Amino acid sequence: MESPELAAIDIQNLPQHIAVIMDGNGRWAKLHNMPRLFGHKQGVKAVREITEASAELGIKFLTLYAFSTENWSRPEMEVMGLMSLLVETIKAELNTLEKNNIRLRAIGDLSKLPDNTRTALLSGIEKTKRNTRMDLVLALNYSSRWEILSAVNKIAEQSKNENIHLPIDEAVFSSYLSTNGIPDPELLIRTSGEHRISNFLLWQLAYTEFHFSNVFWPDFRKKNLYEAILDFQKRQRRFGKTSEQIAR
Ligand code: FPP
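Quick caveat, the model's predicted, so the values are computed rather than measured. (Residues numbered from 1 in each chain as written. Predicted model: local features only at pLDDT ≥ 70, side-chain atom pairs only at ≥ 80, totals over all residues. Heavy atoms only, no water.)

> Summarise the overall build of the protein chain; cite the residues concerned and give the values.
In terms of helices and strands, the protein chain carries nine helices and six strands. For the protein chain, the C-alpha radius of gyration of 19 Å lies close to 18 Å, the compact-globule estimate for 248 residues. Dimensions along the principal axes, computed over C-alpha positions, put the protein chain at roughly 55 × 50 × 35 Å. Expressed as a percentage of the 248 residues in the protein chain, the buried residues total 47%. A separation of at least 24 residues holds for 78% of the contacts in the protein chain among residues at least 6 apart in sequence. With 32 positive and 30 negative side-chain charges, the protein chain shows a spacing of 2 Å between the two charge centroids. (Helix = DSSP H or I, 4+ residues; strand = E, 2+ residues; numbered from the N terminus. Rg over C-alpha atoms; globule rule 2.2 N^0.38 Å. Buried < 20%, exposed > 50% of the residue type's maximum accessible area, 1.4 Å probe, protein only. Contact = heavy atoms within 4.5 Å. Lys, Arg positive; Asp, Glu negative; His and termini not counted. Charge placed at Lys NZ, Arg CZ, Asp CG, Glu CD.)

> Tell me about the nonpolar core, and name the residues and values.
Counting residues in each nonpolar core, the largest one holds 40 residues, and the members touching the most others are Ile18, Leu225 and Ile229. Looking at this core, the elements with two or more residues in it are strand S1 (17-21), helix H3 (36-57), strand S2 (61-68), helix H4 (76-99), strand S3 (102-107), strand S4 (134-142), strand S5 (187-190) and helix H8 (222-234). Looking at which element gives the most residues to this core, the answer is H4, with seven residues. Excluding residues within four positions of it along the chain, Ile229 makes contact with Ile9, Leu14, Pro15, Ile18, Leu57, Ile59 and Leu187. Judged by nonpolar contacts, the second largest core, of 13 residues, contains Phe61, Ala139, Leu188 and Phe200. (Core = buried A, V, L, I, M, F, W, Y, C linked by side-chain atoms within 4.5 Å.)

> Give a description of the side chain of Glu5 that names residues and reports values.
Along the chain, Glu5 turns up in helix H1 (residues 4-8). Those residues within four positions of Glu5 in sequence are excluded, and the remaining contacts are Lys223, Tyr226, Glu227 and Leu230.

> Requested: an account of the site of the ligand, with residues and values cited.
For the ligand, the set of nearby residues contains 18 residues, the closest of which are Met22, Gly26, Arg27, Arg36 and Arg74. Here the ligand loses 92% of its free accessible area of 630 Å² to cover by the protein chains. Broken down by secondary-structure element, the contributors of at least two residues to the shell around the ligand are helix H2 (25-31), H3 and H4. Among the elements that line the shell around the ligand, the one with the most residues is H3, at four residues. Classifying every residue of the shell around the ligand by side-chain character gives seven nonpolar, seven polar and four charged. (Near = heavy atom within 4 Å. Areas by Shrake-Rupley, 256 points an atom, 1.4 Å probe, with all protein chains shown as cover. Nonpolar A, V, L, I, M, F, W, Y, C, P; charged D, E, K, R; others polar.)

> I'd like a description of the pairing of S1, backed by residues and values.
Burial analysis of S1 places five of its five residues in the buried class, the great majority of the element. In S1, alternate side chains face the same way, and those of His17, Ala19 and Ile21 on one face and Ile18 and Val20 on the other are all buried. Strand direction decides the pairing type here: S1 and S5, joined by four bridges, are parallel. Within S5, the position partnered with Ile18 by the bridge is Leu187. (Pairing = 2+ DSSP bridges.)

> Quick rundown of the packing of aromatic side chains? Include the residues and the values.
Taken as a whole and assessed by the stated rule, the structure comprises nine aromatic pairs. With centroids separated by 6.0 Å and ring planes inclined at 80°, the aromatic side chains of Tyr65 and Tyr142 adopt a geometry described as edge-to-face. Here Tyr142 lies in strand S4 and Tyr65 lies in strand S2, a separation of 77 residues in the sequence. For the pair Tyr65 and Tyr142, a shared accessibility class is recorded, and that class is buried. Considering the side-chain rings of Tyr142 and Trp146, the 6.4 Å spacing of their centres and the 75° angle between planes classify their relative orientation as edge-to-face. Three or more aromatic residues joined by ring pairs form one cluster here, namely Tyr65, Tyr142, Trp146 and Phe200. (Phe/Tyr/Trp six-rings, centres within 6.5 Å; stacked < 30°, edge-to-face > 60°.)

Right, dumping it as structure tokens:
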């Protein structure tokens, strides 16, 4: 049976790109007297459910913040556990992604990932590259300041050998970011009651609507995604204009 939240969604007014800061795996595990890694494993269930729900709705891009450049400072066991979980998950879900016409992509500094994680990821990206229903973008070893600095350095490097047309505009700068070709998210969801951006998509979130959920990520279900979308649909996106200008 269709949930009341789903029934209330206006399919004509969906965000085409949703970005998610999946937070609260550790606290969820603590609450259940389990090791932190168990929280991440439960988090994978939510990843599966939210990916499925997004594709069903017709969302075109879903970006998940899976590992930040700062996450390396966590205990080694947790970091290694997360990396193995990524490999396992990508391998286990590849057929489902294929069957559902979902394209896997990644943003972040992949060169620093353990070899087996990078290999599994790149092979998943390669296998699904022709899929067109939805892009599932994993932010891995990602941070926005890293991304912006990389773009600046690439531009500076290039300018040594070529004439770069100045001034650089937003479209040109965006093309140097790892999200090149991906539209900015219209909706950002952060779970677990935290209200921070945590170095995620700083450039791309300039006009994004934020939805904060108190639910820990492992408990985040389709219903919670629908609530976030309904919240988004209640907002009026003005892009710096007045309400009167928008109404016209
Ligand atoms: C935040 O919870 C979660 C992470 C840093 C990792 C998210 C990873 C997964 C859900 C599993 C793998 C993902 C994919 C895409 C296959 P936290 O550990 O910061 O929680 P806490 O704030 O309660 O400690």
